[in-house]
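An overview of the molecular structure
Residues per chain are reported as follows:
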Amino acid sequence: MARTLMQPPHDVALGAPRGVALGGAPLLLQRSDGDFIDAVLDEITSADGRAKLLATRAAARTQRQVLKLFQPIQRQHHLAVLEAWCDTPGTPRLDPARVESAGLVVRRVRRAGNAAEEGWMRSRGRLRGWLPVQRIGGASNDPASQLRLHSGQTGVADIDHELMQLALQREDTLLNEHVVPMFVAPPEVCKAAGKTVYYGLVPTVSGELAETAPVFDEANTFGPESADFRNHLVQALRGEAMDFPLEGETLNPTWTEAAEIATTVRPNGLSNDHWNRLHPGGGSRSSMQRFLRLLRQLDGEFNAFAGTSPVARALRQQLAAIHLPLKLRSGESVARTVNAETFLRQAVLVLVQRNEQAARPEMPTRWPALPGHQASALRLALSRAVAERFVQLNPAPGRFDDAGAQYVVRAFVRLKPECGCPARIVWSEATEPFVIAPWFEGSGAPPVRIDLPDITAPGLLASLKPNVSFAVPPALQNLLSGNPKDLMEGKKPPDGGITIGWICSFSLPAITICAFIVLSIFLGLLNLIFGWLAFIKICIPFPKKGD
């Protein structure tokens with residue numbers, strides 16, 4: 001009796017639906033209709049519908065002609081559509097029963113060097129973030145770690161057990177790339193289209209944060225000796241000499257108000273002499289502003305005084321090694337100095353934090369020019385401190401946080417074992433690289449309409465009953481009860497003596513009307529600077545509705 005030889009399974013091809021678009025990559029669509037999935041499945045079943053489908057192909061581009069996708073907040077959604085067929089004469093459509101599962105991955109493309117792809121990875125319960133796909137064996141390997149592990153089995157239990165134990169010792173063995181499921185179109189759709197069609201939503205936004213520290217200076221362009229870093233620092237922190245204002249005087253919190261607020265009224269507690277030197281046009285105003293910038297850089301950017309880490313302590317040691325000369329007083333012949341760390345820490349409390357109870361030190365005469373090695377050591381300490389501050393103030397990197405990153409989509413199908421051959425994965429080609437538009441960029445979708453009340457309508461104002469309440473603590477109520485003119489000039493009003501909390505209720509429509517009026521005023525004022533009204537505001541008349 002003759003034996004029937006088992007034929008190996010034929011190859012499977014993936015690509016954009018034939019008759020709609022060409023190419024071995026998924027077709028990327030941009031849809032703004034509400035029920036866009038059903039609409040796409042309906043359109044693919046007819047020639048006219050496929051023409052409409054192609055018209056919704058993602059086509060927006062940046063000024064550099066890079067493909068651009070949008071976020072859901074911009075009322076645009078992107079769908080990847082894929083056809084699977086048998087790569088044999090006649091190219092019949094693939095039987096969906098042969099497919100175990102299908103999915104797509106969004107990969108980040110690194111343009112430096114060899115344009116390597118990175119996948120969004122997880123491992124052992126941790127979100128690892130973007131990692132090169134070479135870590136999972138390459139761009140065409142299975143994104144699921146368990147399937148990669150089982151694909152290398154020999155069928156001999158003892159050998160497979162030992163191989164598994166060895167594999168699990170490697171850090172990358174259990175890396176899993178994030179996969180978006182793709183769904184096969186209903187049988188009636190595939191039959192009408194004459195195609196086996198898969199579709200999946202392309203994510204362009206994500207709230208996931210990698211469990212890795214953010215990289216402060218990935219391109220190494222903001223190091224301690226870089227021009228950008230040195231130019232950012234105030235002169236003293238670059239190691240250059242810098243004169244201090246009002247040398248020999250005791251620091252006063254009102255100096256900050258006089259030097260930085262364009263007021264024409266002398267602040268309470270400020271002497272006439274200091275006011276004449278610090279008010280707009282005064283001789284010490286610019287040097288005081290420079291000194292305040294020095295304090296704010298150390299306190300805010302470098303966390304020099306509140307930090308408890310080794311990096312912060314090292315920065316304080318560098319500051320403590322710098323001696324600031326004090327003004328010689330009448331009868332003094334021996335020079336006096338104060339170390340910069342002690343003085344600047346106290347100055348931050350008085351002038352930046354405006355702490356009325358803090359000790360008020362004497363203003364030194366200047367910051368001396370530092371020797372080259374000491375200036376370099378200070379800049380290195382500052383560079384390390386700002387890198388640490390960046391990590392403290394920035395969350396771990398998100399999936400799509402990099403505004404300039406480019407991505408591609410690749411799709412796959414996992415085929416079931418057949419004809420004695422093991423299960424296998426078949427990949428499509430990668431799409432054209434694309435960027436994701438920032439949330440504030442217009443996508444071309446119609447604007448959301450908000451109807452404002454007609455304030456001239458009879459009885460309208462009386463009908464705007466309070467429908468939202470704010471719980472106001474005593475300190476804020478004291479502030480709001482002060483003179484509005486003081487608030488506009490940046491002055492802290494005196495304590496009004498209110499010691500109890502308040503609940504204030506407002507009409508939300510009234511708040512909206514006020515916000516719209518204030519917005520219109522400020523848009524007009526800022527138009528003098530930006531000239532933006534022609535782009536950001538369009539007003540057209542429309543006929544009044546009949547009664």
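First, a word on what this report is: a plain description of the structure on this page. (Residues numbered from 1 in each chain as written. Predicted model: local features only at pLDDT ≥ 70, side-chain atom pairs only at ≥ 80, totals over all residues. Heavy atoms only, no water.)

**Digging into the overall build of the protein chain**
This is how the line gets drawn: Helix and strand assignments follow DSSP, with helices taken as H or I runs no shorter than four residues and strands as E runs no shorter than two, numbered in order from the N terminus. Throughout, the radius of gyration refers to the C-alpha atoms, and the reference size of a globule is 2.2 Å times the residue count to the power 0.38. For each residue, the accessible area found with a 1.4 Å probe, counting protein chains only, is set against the maximum for its type, and the residue is called buried under 20%, exposed over 50%, and partly exposed in between. Contacts were defined at the residue level, with two residues in contact if any of their heavy atoms lie within 4.5 Å. Surface accessibility follows the Shrake-Rupley procedure with a 1.4 Å probe radius. Residue values consider only the protein chains on display as shielding.
In terms of regular secondary structure, the protein chain is built from 18 helices and 20 strands. Its C-alpha atoms give the protein chain a radius of gyration of 34 Å, clearly above 24 Å, the size a compact globule of 547 residues would have. Reported as C-alpha extents along the three principal axes, the dimensions of the protein chain are approximately 125 × 80 × 45 Å. For the protein chain, the proportion of its 547 residues judged to be buried stands at 39%. The contacts of the protein chain with a sequence gap of at least 6 include a subset with a gap of at least 24, amounting to 71%. If you sum the accessible surface of the protein chain, you get close to 31,000 Å²; carbon and sulfur atoms cover 57% of it.

**Considerations on the packing of aromatic side chains**
Rules: Ring geometry is summarised as follows: Phe, Tyr and Trp rings, the Trp one being its six-membered ring, pair when their centres sit within 6.5 Å, and such pairs are stacked at plane angles under 30 degrees, edge-to-face over 60 and tilted between the two. We count a charge as sitting over a ring when the NZ of a lysine or the CZ of an arginine lies within 6 Å of the ring centre and within 35 degrees of the ring normal.
This structure, assessed with the given rule, holds 15 aromatic pairs. Relative to Tyr407, the ring of Trp130 lies with its centre 5.9 Å away and its plane at 45 degrees, an arrangement referred to as tilted. Placement of Trp130 in strand 7 (residues 126-132) and of Tyr407 in strand 16 (residues 406-415) is noted, with a sequence separation of 277 residues between them. Each residue in the set Trp120, Trp130, Phe400, Tyr407 and Phe434 is aromatic and connected to the rest through ring pairs, giving one cluster. In this arrangement the basic side chain of Arg18 is found over the ring face of Trp85, its NZ or CZ atom lying 4.3 Å from the centre.

**Focus on the pairing of strand 1 (residues 12-15)**
The following threshold applies: When DSSP finds two or more bridges between a pair of strands, those strands are recorded as paired.
With burial as the criterion, each face of strand 1 is covered, one bearing Val12 and Leu14 and the other bearing Ala13 and Gly15. In this sheet, strand 4 (residues 77-86) lies alongside strand 1 in antiparallel orientation, the contact comprising 4 bridges. Residue Gly15 lies in a different strand from strand 4, and its bridge partner there is Glu83.

**Remarks on the side chain of Gln374**
Turning to its location among the elements, Gln374 is positioned in helix 13 (residues 372-393). The exposure class assigned to Gln374 is buried, which follows from its relative accessible area of 17%. For Gln374, the residues in contact, after removing those within four places along its chain, are Gln318, Ala321 and Ile322.

Bear in mind that shape data such as this cannot, by itself, settle questions of function.
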